Amino acid sequence: MPLLDAAALAFFVVCWLFYEPLLKASFHGSVLNTDMAVIRAGWMRRMMSREGRIMDGQLLGHTINSASFFASSNLLLIAAAAGALFGGDATFGSVSRLEIIRTSSRLLFEGQLALVLITLARGLLSFIWAIRQLNYLVGIIGAAPENAPPEFQKTFGDATAEVLNPALSSFNAGVRAYYFSLAAASWLFGAYAFIAATAGAVALLAWRQRRSKAADAIRRLRALLDSEP
């Protein structure tokens, strides 16, 4: 593998694996995902004081459907990437004749496709784990007692949030895999395009987590919840 491609790959791996901890460290944990974790914990505590909990079940069902949709879409993309990867000489010959593709050998080409496949597969595993945890949550909400003492409601709600938040963190990781799989696919256009796309994906994700209008609004809502008696 050429040195420039190896450096671009190393840059991608560092960004992909350490994006989330570096983001939280850079902004001292005050990002959209952590603010939403506080809001979801408030949701689960209020769920305990509601009768019927029909709305909570509907919201949870919508979340499970969203995760299932993304997982199904991810599986189709994995199948397409795997088909190209195992297409043999025919695929490599067809692609290498394109002017915009920058691949020096079949081995490099297969490595480029394999990276896309690995990134998508990691996202699929995150979606599957999210769906599993959300299904656990269905049973937990179903078992939540009504008219419980306030202290019990708070304790049960906080424990329920400790299942909900990791589930949606896994969902977020699956969605984030789409950004990095697009960056991985840009490697086919050359090492410089790969580096630029990776940096662009990180910058876009960080902006949405910290500087977007949604992040600003959610930060204010978290502050209101924190100030509530």
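Scroll up to find the structure.
Let me begin by describing the structure that accompanies this report.

Criteria and cut-off values
- Residues numbered from 1 in each chain as written.
- Predicted model: local features only at pLDDT ≥ 70, side-chain atom pairs only at ≥ 80, totals over all residues.
- Heavy atoms only, no water.
- Core = buried A, V, L, I, M, F, W, Y, C linked by side-chain atoms within 4.5 Å.
- Buried < 20%, exposed > 50% of the residue type's maximum accessible area, 1.4 Å probe, protein only.
- Helix = DSSP H or I, 4+ residues; strand = E, 2+ residues; numbered from the N terminus.
- Contact = heavy atoms within 4.5 Å.
- 1 Å grid on protein atoms, 1.4 Å probe; cavity = no way out; pocket = protein on both sides within 12 Å on 5 of 7 lines; lining within 4 Å.
- Points joined across faces, edges and corners; volume = space filled by probe spheres on them.
- Nonpolar A, V, L, I, M, F, W, Y, C, P; charged D, E, K, R; others polar.

A short note on the nonpolar core
- Core analysis: the biggest nonpolar cluster contains 49 residues, and Phe12, Leu134 and Leu164 have the highest contact counts within it.
- Breaking this core down by element, the ones donating at least two residues are α1 (3-26), α2 (32-49), α3 (54-85), α5 (106-143), α6 (150-185) and α7 (191-210).
- Ranked by residues supplied to this core, first place goes to α5 with 14 residues.
- The residues touching Leu164, leaving out its near neighbours within four places in the chain, are Arg40, Trp43, Met44, Leu134 and Leu137.

Here we look at empty space enclosed by the protein
- This structure, assessed with the given rule, holds 1 cavity of 30 Å³ or more.
- Size it by volume and the largest cavity reaches roughly 30 Å³.
- Forming the boundary of the largest cavity are Tyr19, Glu20, Leu23, Lys24, Val31, Asn33 and Gln209.
- Here the residues of the lining of the largest cavity sort into 3 nonpolar, 2 polar and 2 charged.

Some thoughts on the environment of Asp35
- The residue Asp35 is located in helix α2 in this model.
- A C-alpha to C-alpha distance of 30 Å links Asp35 and Ile195, two positions 160 residues apart in sequence.
- Aside from chain neighbours lying at most four places away, what touches Asp35 is Ile218, Arg219 and Arg222.

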